[in-house]
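Commentary on secondary and tertiary structure
So you can see what is in the structure, the chains are spelled out below.
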Amino acid sequence: MSFLSKTLDRVKPSPTIAVSNLAMELKAQGRDIISLGAGEPDFDTPEHIRAAGIAAINAGKTRYTAVDGIPELKQAICAKFKRDNGLDYAPGQVSVGTGGKQVLYNALMATLNPGDEVVIPAPYWVSYPDMVLLAGGTPVFIEATLENAFKITPDQLEAAITPATKWFLFNSPSNPTGAGYSRDELKALTDVLMRHPHVWVLTDDMYEHLAYDDFKFCTPAQVEPGLYDRTLTVNGVSKAYAMTGWRIGYAAGPKPLIDAMRKIQSQSTSNPCTISQWAAVEALNGTHDFIAPNNAMFARRRDLVVKALNAIDGVTCPVPEGAFYVYPSIAGLIGKTTPAGTLIADDETFARALLEDTGVAVVFGAAFGLSPNFRISYATSDTALAEACDRIQRFCAALA
Ligand SMILES: Cc1ncc(COP(=O)(O)O)c(C=O)c1O
């Protein structure tokens, strides 16, 4: 329709919508649906954080605030970066937005001109390429293969960088694979970036606290201090603190970039929700005691799912280091047929047939830029996971 902006022509509608619509339709028809699609924890925001939100309302902290965050939250964020990542930031280098999503979007809107390239490892979080396109830039993908545990190599990064590269967009632990880069693996990438001073680093550390076994999270500016002046470190409270609906994300980086991001936010949404900001102060400054038991539970669920998937002929699933996703390959199932005669031509037909035949909803790999795979979020109850794995196993065994 010519009334609509041409910018929209550059953006695809979400490829995940078709499967989630179908899941909702089937549920409405009374079918027993197990959804493994959600990108959020299955437990409530911890009590002390909820209490801080309620106290903020009762204290009348319900008015507009400074556009990119109250001073108390910026202080808490600076303390967090020092405590967890050994990074020194002043409050003027911090931006708070309505979720990490807005912060990432602001950063891209504030920096990209037509022709600017953003290097993105695939599989990627679904929003990265479209955010880059909306901001007028060009996404350039590097394929992180199953053989390399869904991590890119320094040679691949080197080969993807051109004079037009503006950002390298990094996400570890990753959505959708859960892959986490060790300090040595990340250092090998930052060594490449040190050779290309025109490339900035946009690191999305949203899953920092969701790390299992002996995996130690690290972030680019910490591993290579030489990148500090051209790194934007993005994080948020959504995932580890079970605060997805409160909508608070934040970033720290060079002040001129933070100022530019504030300018965009000041003419779009203004401040993130005041009450949520006060809850986030408590999340960052308060006890983190709940994280270890939650992670023990997530690690147990991950092991359950990985074991069940690897027991299926034609499915391969590496053990991820973090987040709450697994991203099995179904290369060995492509070309097979369901008992009802549906050809599994790709991961989209697999996800659709799995949903229709068994009621298990997963997200197909094409949505994340690497096929043939699918994503399971294991942030759901042990009982639901065990039942879902059972149904997936029976579905796959029946393919011929
Ligand atoms: C990798 C990654 N980054 C950013 C976000 C955005 O998080 P939020 O906007 O809730 O802070 C998500 C949410 O799914 C994510 O998976």
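No experiment lies behind these values; they were computed from the predicted model shown. (Residues numbered from 1 in each chain as written. Predicted model: local features only at pLDDT ≥ 70, side-chain atom pairs only at ≥ 80, totals over all residues. Heavy atoms only, no water.)

Details of the site of the ligand
- With respect to spatial proximity, 13 residues lie near the ligand, and among them Gly100, Asp204, Ser238, Lys239 and Arg247 are the closest.
- Within the backbone of glycine 100, a nitrogen or oxygen atom sits 2.6 Å from an oxygen atom of the ligand.
- A distance of 2.7 Å separates an oxygen atom of the ligand from a polar atom in the side chain of arginine 247.
- For the ligand, whose accessible area on its own is 390 Å², the fraction buried by protein is 92%.
- Broken down by element, the shell around the ligand gets its largest block of residues, 3 residues, from helix 4 (residues 99–111).
- Grouping the amino acids of the shell around the ligand by side-chain chemistry returns 4 nonpolar, 5 polar and 4 charged. (Near = heavy atom within 4 Å. Polar contact = N/O pair within 3.5 Å; in protein donor to acceptor, adjacent residues only side chain to side chain. Areas by Shrake-Rupley, 256 points an atom, 1.4 Å probe, with all protein chains shown as cover. Helix = DSSP H or I, 4+ residues; strand = E, 2+ residues; numbered from the N terminus. Nonpolar A, V, L, I, M, F, W, Y, C, P; charged D, E, K, R; others polar.)

Examining the domain arrangement of the protein chain
- The domain architecture assigned to the protein chain consists of domain 1 (6–44 + 291–397) and domain 2 (64–285).
- For domain 1 versus domain 2, the distance between C-alpha centres works out to 26 Å.
- Contacts between the two partners involve 32 residues from domain 1, matched on the other side by 34 residues from domain 2.
- Buried surface at the junction of domain 1 and domain 2, summed over both partners, amounts to about 2,800 Å²; 61% is from carbon and sulfur atoms.
- Looking at the side of domain 1 facing domain 2, the largest losses of area belong to Arg10, Glu321 and Phe368, adding up to 22% of the total buried there.
- Summed over the shared surface of domain 1 and domain 2, the number is 2 salt bridges.
- Between glutamate 321 and lysine 151 there is a salt bridge, with its nearest N and O atoms 3.1 Å apart.
- The interface formed by domain 1 and domain 2 includes 16 residue pairs in polar contact (both at pLDDT 80 or more).
- At the level of elements, helix 11 (291–310) and strand 9 (325–326) are the ones that each hand at least two residues to the side of domain 1 that touches domain 2. (Domains from an automatic or database assignment. Contact = heavy atoms within 4.5 Å. Buried area = accessible area lost by both parts, 1.4 Å probe. Salt bridge = Lys/Arg side-chain N within 4 Å of Asp/Glu carboxyl O.)

Some details on the sheet that holds strand 6 (residues 200–204)
- Across the sheet, 7 strands lie side by side as 2-8-7-6-5-3-4; this open sheet has mixed pairing. Two strands close off the open sheet at either side, each with one partner strand: strand 2 (94–97) and strand 4 (138–143). Direction aside, the axes of adjacent strands within the sheet are offset by 20 degrees on average.
- Where strand 3 (residues 117–122) lies against strand 5 (residues 165–171), 3 bridges are found, and the strand directions are parallel. Residue pairing for strand 5: valine 118 is matched across the bridge by tryptophan 167.
- Here helix 3 (residues 71–85) sits on the sheet and contacts strand 2, strand 7 (231–236) and strand 8 (249–252); the angle it forms with strand 2, its principal contact strand, is near 115 degrees. (Pairing = 2+ DSSP bridges. Axes fitted to C-alpha atoms, helices over the stretch in contact; angles between N-to-C directions.)

Focus: the pairing of strand 4
- Inspection of the sheet shows strand 3 paired to strand 4 by 6 bridges, in the parallel sense. Bridged to valine 118 within strand 4 is proline 139.
- The handedness of the strand 3 to strand 4 crossover, carried by helix 5 (residues 127–134), is right-handed. (Right-handed = clockwise from strand over helix to strand, strands pointing away.)

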